[in-house]
Amino acid sequence: MARVRKVRKTPTGKKKIVFKRKQHRKSHCSLCKKVIHGVKRGGSKGPNRKYGGELCSACSRKVLKIKAKFKNKTIEKGDIPISLRKYM
Ligand SMILES: [Zn+2]
């Protein structure tokens, strides 16, 4: 992980450069780019469901509904939005 330079003042008044590790960014939904809750920064997987840690709850609900419709042949492959086709 990249490091960040920071100038700190010591108790004696001297300036000192301190290197700190950059924090991981919060994981975002790959469809709507919102922050996914319940996922720790860097490492942990997130909620234990399908698309957990990849899609937010609203988007995963949307994807699963369309997937079920596609499986029951109520919609054609062409009716699925292009952004959701990789989850089918
Ligand atoms: Zn989303």
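Look up a bit, the structure's there.
Note that the coordinates shown come from a computational prediction; the quantities given were computed from them, not determined experimentally. (Residues numbered from 1 in each chain as written. Predicted model: local features only at pLDDT ≥ 70, side-chain atom pairs only at ≥ 80, totals over all residues. Heavy atoms only, no water.)

A.B. asks: Looking at this structure, how should I read a nonpolar patch on the surface?
C.D. replies: Among the surface-exposed residues, Val7, Ile17 and Phe19 lie close enough to one another that they form a single nonpolar patch of about 300 Å² accessible area. Locating valine 7 in the fold gives a position in strand S1 (residues 3-9). For valine 7, a relative accessible area of 59% corresponds to the exposed category. (Patch = residues over 30% accessible without salt bridge, like charges linked within 9 Å, V, L, I, M, F, W, Y side chains within 5 Å. Areas by Shrake-Rupley, 256 points an atom, 1.4 Å probe, with all protein chains shown as cover. Salt bridge = Lys/Arg side-chain N within 4 Å of Asp/Glu carboxyl O. Helix = DSSP H or I, 4+ residues; strand = E, 2+ residues; numbered from the N terminus. Buried < 20%, exposed > 50% of the residue type's maximum accessible area, 1.4 Å probe, protein only.)

A.B. asks: Before we go on, may I ask you to explain the coordination of the zinc ion in this structure?
C.D. replies: Four donors placed tetrahedrally about a metal ideally form angles of 109.5 degrees, and six donors placed octahedrally ideally form angles of 90 or 180 degrees. Within the protein, Cys29 (SG), Cys32 (SG), Cys56 (SG) and Cys59 (SG) serve as the donor atoms for the zinc ion, at 2.2 to 2.3 Å. Metal-centred angles of 103 to 117° between the four donor atoms at the zinc ion mark the site as tetrahedral. One chain supplies every donor to the zinc ion, and in sequence these donors are spaced C-x2-C-x23-C-x2-C. Of this pair, cysteine 32 sits in the loop between strand S2 (15-21) and helix H1 (57-71) while cysteine 56 sits in the loop between S2 and H1, and the two are 24 residues apart along the sequence. On the basis of relative accessible area, cysteine 32 is assigned to the partly exposed category, the value being 34%. By relative accessible area, which is 11% here, cysteine 56 ends up buried. (Donors = N, O, S within 2.8 Å, 3.2 Å for Na, K, Ca; no water. Tetrahedral: all angles 85-135°; square planar, octahedral: opposite > 155°, others 65-115°.)

A.B. asks: Would you mind going over the pairing of S1 with me for this structure?
C.D. replies: Summarising burial for S1: zero of the seven residues are buried, a small minority. Relative to S2, S1 runs antiparallel, the two sharing seven bridges. For arginine 8, the partnering residue across the bridge sits in S2 and is lysine 16. Here S1 folds back onto S2 in antiparallel fashion, the turn holding five residues, of which glycine 13 has a positive phi close to 100°. (Pairing = 2+ DSSP bridges.)

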